[in-house]
Amino acid sequence: MLTLSDRLAAEGYAVEVARDGETGLARARAGSWDLLVLDVMLPRRSGFDVCRELRARGDETPVLMLTARGQVADRVVGLKLGADDYLAKPFEMAELLARIEARLRRRGTAPPAATGPLRHGELELDPRRAEVRCRGQLVDLSARELSLLEYFLRHPGATLSREELLREVWGYDALVSTRTVDVHVAWLRRKLEQDPKQPRLIVTLHGLGYKLAD
């Protein structure tokens with residue numbers, strides 16, 4: 001299953017992962033990085049501790065903090081320690097990618113080249129314009145439906161479990177039910193399929209999940 005680092009790599013970023021705060025701090029100090037994405041709830045040393053130590057040593061690498069905590073106090077602590085941005089889980093991958101791109105732009109580091117439209121048969125999605133056309137007609141999708149469809153289009157023919165879709169579209173460790181995926185897939189089918197009751201585009205693999213049909 002794809003992880004957050006897999007998704008970032010798929011977007012064209014060079015990614016290195018540390019599984020705990022001690023390792024992350026050591027790697028951050030040993031290398032030169034354009035951006036650090038720190039989870040507050042890291043084992044051994046928290047993201048707060050890592051950020052505090054880096055700033056105390058004069059390291060000005062931009063830091064984006066991720067946490068399951070949503071309280072204002074936690075956001076304030078992170079920002080006071082020197083974090084440049086703060087995103088509470090669960091979050092949409094589209095929002096995380098937008099924040100990363102914004103931080104890199106401010107630093108003067110060019111993000112990966114934007115991908116062109118994604119096409120699959122009579123379906124086309126333009127990520128930059130956030131537009132979807134099906135059989136030549138413009139389709140009105142919500143932001144979540146758009147993110148879900150984009151994930152399907154980037155993995156045509158792959159078996160995608162509900163858990164993977166929750167993690168990659170809603171944000172990993174998202175605290176929502178897998179039933180949420182079923183509901184959003186049903187909404188996509190109503191808008192994209194010629195016969196939503198007999199879908200030919202997004203098909204169900206019973207006991208496994210869904211896939212974008214070949």
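Preceding this section is the structure that the text describes.
Residues numbered from 1 in each chain as written. Predicted model: local features only at pLDDT ≥ 70, side-chain atom pairs only at ≥ 80, totals over all residues. Heavy atoms only, no water.

A. Structural detail: the packing of helix α7 (residues 162-170) against helix α8 (residues 179-192). Look at α7 against α8: their axes get within 9 Å of each other, and the N-to-C directions meet at 80°. With respect to their mutual orientation, α7 and α8 come out roughly perpendicular. Packed against α7, whose contacting residues are Arg-162, Leu-165, Leu-166 and Trp-170, the element α8 presents Thr-180, Val-181, Asp-182 and His-184 at the interface. A per-class count over the contact of α7 with α8 returns four nonpolar, two polar and two charged. (Axes fitted to C-alpha atoms, helices over the stretch in contact; angles between N-to-C directions. Helix = DSSP H or I, 4+ residues; strand = E, 2+ residues; numbered from the N terminus. Parallel < 35°, antiparallel > 145°, perpendicular 65-115°, else oblique. Contact = heavy atoms within 4.5 Å. Nonpolar A, V, L, I, M, F, W, Y, C, P; charged D, E, K, R; others polar.)

B. Representation of the nonpolar core within the structure. Ranked by internal contacts, the top residues of the largest apolar core, which has 26 residues, are Val-132, Leu-149, Phe-152 and Leu-192. Within the residue set of this core, elements represented by two or more residues are β5 (123-126), β6 (131-134), α6 (143-154), α7, α8 and β9 (209-212). By residue number, the principal contributor to this core is α6, which donates six residues. What Val-132 contacts, discounting residues up to four positions off in sequence, is Leu-123, Glu-124, Leu-125, Gln-137, Leu-138, Val-139, Leu-141, Leu-146, Leu-149 and Leu-192. (Core = buried A, V, L, I, M, F, W, Y, C linked by side-chain atoms within 4.5 Å. Buried < 20%, exposed > 50% of the residue type's maximum accessible area, 1.4 Å probe, protein only.)

C. Representation of the side chain of Arg-189 in the model. Structurally, the position occupied by Arg-189 is in helix α8. Glu-193 provides the closest opposite charge to the buried, salt-bridge-free Arg-189, at an N-O distance of 4.8 Å. Those residues in contact with Arg-189 that sit more than four places away from it in its chain are Pro-196, Pro-199, Ile-202, Val-203, Thr-204 and Tyr-210. (Lys, Arg positive; Asp, Glu negative; His and termini not counted. Salt bridge = Lys/Arg side-chain N within 4 Å of Asp/Glu carboxyl O.)

D. Structural detail: the pattern of salt bridges. Going through the model one piece at a time under the given rule, you end up with twelve salt bridges. We note a salt bridge from Arg-55 to Asp-84, for which the minimum N-O separation is 3.0 Å. Of this pair, Arg-55 sits in helix α3 (residues 47-56) while Asp-84 is found in the loop between α4 (72-80) and β3 (85-88), placing the two residues 29 residues apart along the sequence. The exposure class assigned to Arg-55 is buried, which follows from its relative accessible area of 16%. In this structure, the salt-bridge partner of Glu-124 is Arg-119, at a minimum N-O distance of 3.0 Å. Overall, Arg-119 belongs to the exposed group, its relative accessible area being 58%. Overlapping salt bridges bring together Asp-85, Glu-95 and Arg-99 as one network.

E. Representation of the sheet that holds strand β1 (residues 36-39) within the structure. Spatial strand order, β1-β2-β3: three strands in an open sheet with parallel pairing. Strands with a single pairing partner mark the edges of an open sheet, and in this sheet they are β1 and β3. Going from strand to strand, the sheet's axes swing by 20° on average, the running direction of each strand aside. One ladder, built from four bridges, connects strand β2 (residues 63-67) with β3; its direction is parallel. Bridge pairing links Leu-66 to Leu-87 in β3. Across the sheet, α3 lies against β1, β2 and β3, angled at about 140° from β1, the strand it touches most. (Pairing = 2+ DSSP bridges.)

F. Here's a closer look at the pairing of β9. With four bridges connecting them, strand β8 (residues 202-205) and β9 associate as antiparallel partners. Bridge assignment links Thr-204 to a residue of β9, and that residue is Tyr-210. Where β8 folds back onto β9 in an antiparallel hairpin, the turn is made up of three residues, including Gly-207, whose phi is positive at roughly 85°.

G. Examining the side chain of Glu-193 more closely. Here Glu-193 shows up in the loop between α8 and β8. At a separation of 3.0 Å, a polar atom in the side chain of Glu-193 contacts the main-chain amide nitrogen of Arg-200. Within polar-contact distance, the side chain of Glu-193 engages the backbone nitrogen of Ile-202 at 3.0 Å. With residues near it in sequence (within four places) discarded, Glu-193 still touches Arg-135, Leu-188, Pro-199, Arg-200, Leu-201 and Ile-202. (Polar contact = N/O pair within 3.5 Å; in protein donor to acceptor, adjacent residues only side chain to side chain.)

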